[in-house]
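Chain by chain, the residues run as shown.
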Amino acid sequence: MQYFMKLAIAEAQKAAARGSVPIGALVVRNRSLISSAGNEVVKNHDPTAHAEILAIRKACSSLKSHIIDDCDIYVTLAPCPMCAKAISLARIRRLYFGAYDAERGAEFRMLLPKTQIIGGVLEIQCMKILQNFFSERRT
């Protein structure tokens, strides 16, 4: 679990280097990495280019299916409602996330009734990436 979250953190760091909010995501199947992505909202000028959406798109393309119910997703931040709905539509089995999103609270849990949710994986590291990114922007 921590191994894959560390890979998601690396994707978040790449997103920060591109000027996007540092969020990383990856899709795993049978303990094998299927896809990974970092937030590309700024890079792509696309408000839907969240890390989760990009990782899910890549995984579905790779697996040639819109249903990836034997896969897990690792994300550095609890998903927004759009991403939670995409996770639900893809029928992803498990969601592992790092930092909790205080603004959205447990909202995403309602959108994921059939997905097992494990939060707080490497939470401090995931939070620090976000805190550092935003504190640099404020100075």
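In what follows, the accompanying structure is described.

Conventions adopted
Residues numbered from 1 in each chain as written. Predicted model: local features only at pLDDT ≥ 70, side-chain atom pairs only at ≥ 80, totals over all residues. Heavy atoms only, no water. Buried < 20%, exposed > 50% of the residue type's maximum accessible area, 1.4 Å probe, protein only. Helix = DSSP H or I, 4+ residues; strand = E, 2+ residues; numbered from the N terminus. Pairing = 2+ DSSP bridges. Contact = heavy atoms within 4.5 Å. Axes fitted to C-alpha atoms, helices over the stretch in contact; angles between N-to-C directions.

### Describing the pairing of strand β1 (residues 24–29)
Along any regular strand the residues' side chains alternate between the sheet's two faces. Of all six residues making up β1, five are buried, and the element is well covered by its neighbours. In this structure, β1 lies alongside strand β2 (residues 32–38), joined through six bridges in antiparallel fashion. Bridging across to β2, V28 finds its partner in L33. The pairing of β1 with strand β3 (residues 71–77) spans five bridges and is antiparallel. Looking across to β3, one finds that V28 is bridged to D72.

### Looking at the environment of A84
One can find A84 in helix α4 (residues 81–89). The exposure class of A84 is buried, given its relative accessible area of 0%. In this structure the C-alpha to C-alpha distance between A84 and F108, which are 24 residues apart in sequence, comes to 5.7 Å. Leave out the neighbours within four places in its chain, and A84 touches P79, F108, L111 and L112.

### Some points on the sheet that holds β3
Strand order in the open sheet formed by five strands is β2-β1-β3-β4-β5, with mixed pairing between adjacent strands. Each edge of the open sheet carries a strand with a single partner, namely β2 and β5 (116–118). Taking the axes of each pair of neighbouring strands and ignoring which way they run, one obtains an average angle of 15° across the sheet. Pairing of strand β4 (residues 94–99) with β5 involves three bridges; the strand directions are parallel. Along β5, the bridge assignment pairs R94 with Q116. Relative to β1, helix α1 (residues 2–17) is tilted by about 145°, and along the sheet it contacts β1, β2, β3 and β4. Contacting β3 and β4, helix α6 (residues 123–138) runs over the sheet at an angle of about 60° to β4.

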